[in-house]
Amino acid sequence: MKFCGVEFKNPMVIASSPLTSKLEMLKAADRAGAAAASTKLTFIKQPFYGKLRMHTYEKNGSIICYDRRLDIDEGLRLTDQAKKETNLKLFCNITNDGEDLEGWAFLAKKFEEAGSDLVEANMVCPNVGLSTKNIAGDSAISKTEHGGAVTGQDPVKIAQVVKTLKESVKIPVIVKLTPNVTDIGVTAKAAQDAGADGVCLAGAQSSLPLVDIYNEGKPGYHLLNGVSHGSLGGPASKLNCFSLVANIAKKTNLPIIGGGGLETFEDCIMMMMWGARLVTVCTAAMWYGWEVIEKQVRGMEEYLQKMGYSSYDEIIGKSLQYLRSSCDLEAIPGYPVCDESKCIGCGRCAKPGHCNAITMNGKRPVIEGEKCLGCGICVGLCPAKALSMQASE
Ligand SMILES: Cc1cc2nc3c(=O)[nH]c(=O)nc-3n(C[C@H](O)[C@H](O)[C@H](O)COP(=O)(O)O)c2cc1C
């Protein structure tokens, strides 16, 4: 399949992260079957040298507020070696002060020379500006902190950087946008109008961790002397990222890379059905290893065959046809039905506080269809998947 004119053997891109900061990991990505990787964020001058620190909650995700990025010589060496020793297509994930356009151009040219296949302009990282802005406002941001999400919140700066990059390199220019804006359609459109070849939208909602309510509200992480508004990766961002990707798909013609909380091959297919042409994965592979990528790649290929699709192109944006504004939606009357061969009699479906349509008769749910609001919560909560909604006409 093609993305911005570059051939990809499948839609799987390993997202820029510690998974893409070393040659040995890029080789593991290659072995796992990924088509591409976005090398770890590289600076001309790092605002600070962090170390990897994360707050991790398995049901929700990880928050990253401190991490080690690459200096330019490290990023270029990694790219050069990975081009020689893997079959991966490589995005170079770079950022710079939004006002230092020459710096952006310099970085992109250097990576093009080193062999990167596409530029991924990082306008997403909240740790290099947004975390300062979120506690003290714009004026508190230091000169070196202006990259990442701060640039990605400003359509004017996005356009300036994209134009500069397009004038500087021949390889495609992708913008990885921050989701921390009021309308992602506006920033994506700014990228498109300035000539970007594509956009990437993948998690990174600004987030704060759980705190210890029995210890003065201290955030529950010990190898750090505080906390800052960090970037969310993992399952909690998936549904929000579907919405952001679909928003961009409707408002621009740009090819989209979509990610955020993709754990299974089904998640990847769904992201594509909401409009993504390629998908990215980070947290799932950090949590569970490269096996996740192998399963996703194999699962997607098998799915295409099983469903009789001849290429990934046939599934991209399939779900967009169902998108309409809320005032154009019409409710279909109905109620839940229970498959008693599956029901385990747990009574979960009778619990919702706003509903009196289901009561338990011993271990058996009794459903009064005329009392049902039709919300579908019971279907979502049933641990045995015994309930389904049925239209009443
Ligand atoms: C530890 C860590 C470091 C990351 N570093 C970068 C980075 O350097 N550049 C970047 O664009 N995104 C970075 N990200 C964001 C990921 O690339 C990805 O977009 C995000 O985590 C959402 O995908 P996921 O839910 O699959 O993790 C990082 C994420 C994690 C967890």
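Residues numbered from 1 in each chain as written. Predicted model: local features only at pLDDT ≥ 70, side-chain atom pairs only at ≥ 80, totals over all residues. Heavy atoms only, no water.

(A) Local environment of the overall build of the protein chain. What the protein chain contains, in helices and strands, is 12 helices and 21 strands. Its C-alpha atoms give the protein chain principal-axis dimensions of roughly 70 × 60 × 40 Å. Burial statistics for the protein chain: of 393 residues in total, 52% are counted as buried. Excluding contacts between residues fewer than 6 apart, the proportion of contacts in the protein chain whose partners are at least 24 apart in sequence is 70%. Carbon and sulfur atoms make up 51% of the accessible area of the protein chain, which totals about 18500 Å². (Helix = DSSP H or I, 4+ residues; strand = E, 2+ residues; numbered from the N terminus. Buried < 20%, exposed > 50% of the residue type's maximum accessible area, 1.4 Å probe, protein only. Contact = heavy atoms within 4.5 Å. Areas by Shrake-Rupley, 256 points an atom, 1.4 Å probe, with all protein chains shown as cover.)

(B) Spotlight on the nonpolar core. In this structure, F8, M12, I14, F91, V119, L177 and I293 are the most contacted members of the largest nonpolar core, which totals 86 residues. When residues of this core are assigned to their parent elements, the largest contribution, six residues, is made by helix α11 (residues 291–307). I14 has contacts with L19, T20, A29, A34, A36, A37, S38, V281, W290 and I293, leaving out every residue within four places of it along the chain. With six residues, the next largest nonpolar core counts C349, C378, C382 and L387 among its residues. (Core = buried A, V, L, I, M, F, W, Y, C linked by side-chain atoms within 4.5 Å.)

(C) Region of interest: the side chain of S62. Within the fold, S62 resides in strand β6 (residues 61–66). Side-chain polar atoms of S62 contact the side chain of W287, separated by 3.0 Å. What S62 contacts, discounting residues up to four positions off in sequence, is M54, H55, T56, S231, L232, G233, T283 and W287. (Polar contact = N/O pair within 3.5 Å; in protein donor to acceptor, adjacent residues only side chain to side chain.)

(D) Layout of the sheet that holds strand β15 (residues 230–233). Pairing is antiparallel in the open sheet, where four strands are placed in the order β5-β6-β15-β12. Each end of this open sheet is capped by a strand with a single partner; those strands are β5 (53–57) and β12 (205–207). Neighbour-to-neighbour, the strand axes of this sheet turn through a mean angle of 35°, independent of strand direction. Pairing analysis gives three bridges linking β12 to β15, with the strands arranged antiparallel. What sits directly across from S206, in β15, is S231. (Pairing = 2+ DSSP bridges. Axes fitted to C-alpha atoms, helices over the stretch in contact; angles between N-to-C directions.)

(E) Layout of the environment of D183. Relative to the helices and strands, D183 is located in the loop between β10 (173–177) and α7 (184–193). For D183, a relative accessible area of 28% translates into the label partly exposed. Separated by 65 residues in sequence, D183 and I248 place their C-alpha atoms 9.6 Å apart. Among all residues touching D183, those that are not within four sequence positions of it are N247 and K251.

(F) Highlighting the pairing of strand β4 (residues 36–43). Most of β4 is tucked away: eight of the eight residues are buried. With two bridges connecting them, strand β3 (residues 12–14) and β4 associate as parallel partners. When the sheet's bridge partners are listed, I14 is paired in β4 with A37. Summarising the sheet, β4 and strand β8 (residues 89–94) pair through five bridges and their orientation is parallel. Pairing of T39 across the sheet is with C92, part of β8. Pairing between β4 and strand β7 (residues 70–71): two bridges, direction parallel. Its bridge partner lying in β7, F43 is registered against D71.

(G) Just the packing of helix α9 (residues 265–273) against α11, in detail. One way to put it is that α9 packs onto α11 with a least axis distance of 8 Å and a crossing angle of 60°. One element, α9, and the other, α11, form an angle in the oblique class. For the crossing formed where α9 meets α11, the hand is right-handed. Along the contact surface, α9 presents F265, C268, I269 and M273, while α11 presents K295, Q296, G299, M300 and Y303. (Parallel < 35°, antiparallel > 145°, perpendicular 65-115°, else oblique. Left-handed = near helix turned anticlockwise from the far one by under 90°.)

(H) Spatial organisation of the site of the ligand. Taken together, 24 residues sit near the ligand, with S16, K40, G234, G261 and T283 positioned nearest. In this structure, an oxygen atom belonging to the ligand sits 3.2 Å away from a side-chain N or O atom of N122. Taking 610 Å² as the accessible area of the ligand by itself, protein coverage stands at 96%. Of all the secondary-structure elements, those providing two or more residues to the shell around the ligand are β4 and α10 (283–288). (Near = heavy atom within 4 Å.)

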